[in-house]
Structure formats: C-alpha cells, structure tokens
Amino acid sequence: MTKLEFLATLEKALAGLPKEDCKRIVDYYCEMIDDRMEDGFSEEDAVKAAGTLEEIAQQAAQEAPQERPRRKMRTAHALSGWEITLLVLGAPLWLPLLATFAALVLTVVAVMASVLATAYAVGLSLVACFAAGVITAIQFASDNLPAQAAAYGGFALASAGLTVLAFAASNWTAKGLFTASKKALRGANALLAARGK
C-alpha cells in the first residue's frame, strides 16, 4: 500500500472523530512515514511499520475525549412591571450615555482609519516623488545637464528610501491598531461575560 492510499483509508476509518483530531492523527502518520522513508525504508515498508488501520482507528477512538456536557444557557426572562418602569424613568439618563458611548466608539474607529489612510497616503505621495525625480533626471540627462540630472537622481533615491520607511511605518501602524482593537474587543467581551454570570 502506498503512503497516499494508507492516509486516505486512515482518514475514512477516522471519520467518526472530530475533524481536528482526524487531521492531527493523519498528519502524525504522514510525518512518521516520511521520517522512515528518509531513514532508508521503502515506501511500502514505512507504511507497514506505521501499524494496521484497525489498530490506529481503535486507539484513536479510545483516546478521543468524551464529549463534554454543554452548559445550560440562561433563557431571557420577561421584564416585570417595575423593571419596565425603571427603564422608562431612567431613559433620560441612560439613553444619552448610550449615545455618547456609541459616538465615542465611532470617533475612535474614524481616527484609527484616518491615521492609517494618512500613513499610506504619505507612502503613495513618496512613490509619486520618486517617479517624478526619475523622469526629471532622465530629461536633464538627455538635455546634457549632468548637475541637474544628478540632483534629481539623488532626489529620486531619497524618495525611494523614504517610501520604504513610510510603508514600513504604515504597516507597523496598521498592525498596532489591529492588535489594540483585538485587545479592546477581548476586554469588552470578557467584561460582558463576567457581568452575564
């Protein structure tokens, strides 16, 4: 049996397991066979050394974690009369606070987007400066004005260097904003989860 046939049959034999477990086991045996082949085994001998499909499937079924019982989800309860009254009477307080929070979140998102757009716009403008410097240097060189051609060539090279730095800074900024957003969402999620308990 070839390695591919063995792995395909193994995958079918493990069909009852969760996909992650099945993939992990198949990857393990794929690597095991590859290692043995690197050690000088023939493909057929490496497959035989892996064991029988029945043994592997039986061992995987025994080692598979039992399905955990699901937590009971809390069902939403109907609001009582006094809760509705408190919501209505408290609306002049909580409604502006909610609107302020929403406006604050939108402002933060808009500022982050504008910072990112500005960083990339600087990089693109430097690309344009590089192109203009090259074109102008070529034009001065063709007009037999070497000093001006050298000056614009230097300007083009400086623009190229600044372009690399600008795009590196833009990517660093984007990465930082993405990481900060992820952490903020995780924190808010944890806060909501803690309050829901």
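Here is a short report on the structure shown in this document.

Per the counting criterion, the structure on display carries four aromatic pairs. Geometrically, the ring pair formed by Y120 and F167 is tilted, given 6.2 Å between the ring centres and 45° between the ring planes. Here the residue Y120 occupies a position in helix α5 (residues 81-142), and F167 occupies one in helix α6 (residues 146-196), the gap between them amounting to 47 residues. On the basis of relative accessible area, Y120 is assigned to the partly exposed category, the value being 29%. Here the aromatic rings of F140 and Y152 are separated by 5.5 Å at their centres, their planes lie at 25°, and the arrangement is stacked. Of this pair, F140 sits in helix α5 while Y152 sits in helix α6, placing them 12 residues apart in sequence. You can call Y152 partly exposed: its relative accessible area is 35%.

Another point: the environment of L177. With respect to the helices, strands and loops of the structure, L177 is situated in helix α6. L177 sits 73 residues away from L104 along the chain, and the two C-alpha atoms are 16 Å apart. Apart from residues lying up to four places away in sequence, L177 is in contact with M112 and L116.

The phi dihedral of N144 is positive, around 65°, even though this residue is not glycine. Tracing the chain through its elements places N144 in the loop between α5 and α6.

Attention shifts here to α5. Over its 62 residues, α5 extends 87 Å from the first C-alpha to the last, a length consistent with the 92 Å expected when each residue adds 1.5 Å. Within α5, the axis deviates most sharply at A91, by approximately 70°, and proline P92 lies no more than four positions further along. By the burial criterion, the buried members of α5 are G90, A91, A119, G123, L126, G133 and A137. A positive backbone phi angle near 65° is found at N144, which sits one or two residues after α5.

Among the secondary structure elements, L17 is positioned in the loop between α1 (3-13) and α2 (19-38). Overall, L17 belongs to the buried group, its relative accessible area being 16%. Put simply, L17 and T2 are 15 residues apart on the chain and 24 Å apart in space, counted from C-alpha to C-alpha.

Basis of the calculations
Residues numbered from 1 in each chain as written. Predicted model: local features only at pLDDT ≥ 70, side-chain atom pairs only at ≥ 80, totals over all residues. Heavy atoms only, no water. Phe/Tyr/Trp six-rings, centres within 6.5 Å; stacked < 30°, edge-to-face > 60°. Helix = DSSP H or I, 4+ residues; strand = E, 2+ residues; numbered from the N terminus. Buried < 20%, exposed > 50% of the residue type's maximum accessible area, 1.4 Å probe, protein only. Contact = heavy atoms within 4.5 Å. Expected span 1.5 Å × (residues − 1). Bend = angle between axes of the 7 residues up to and from the residue.

Everything listed here is a matter of coordinates, which is why it stays silent on function.
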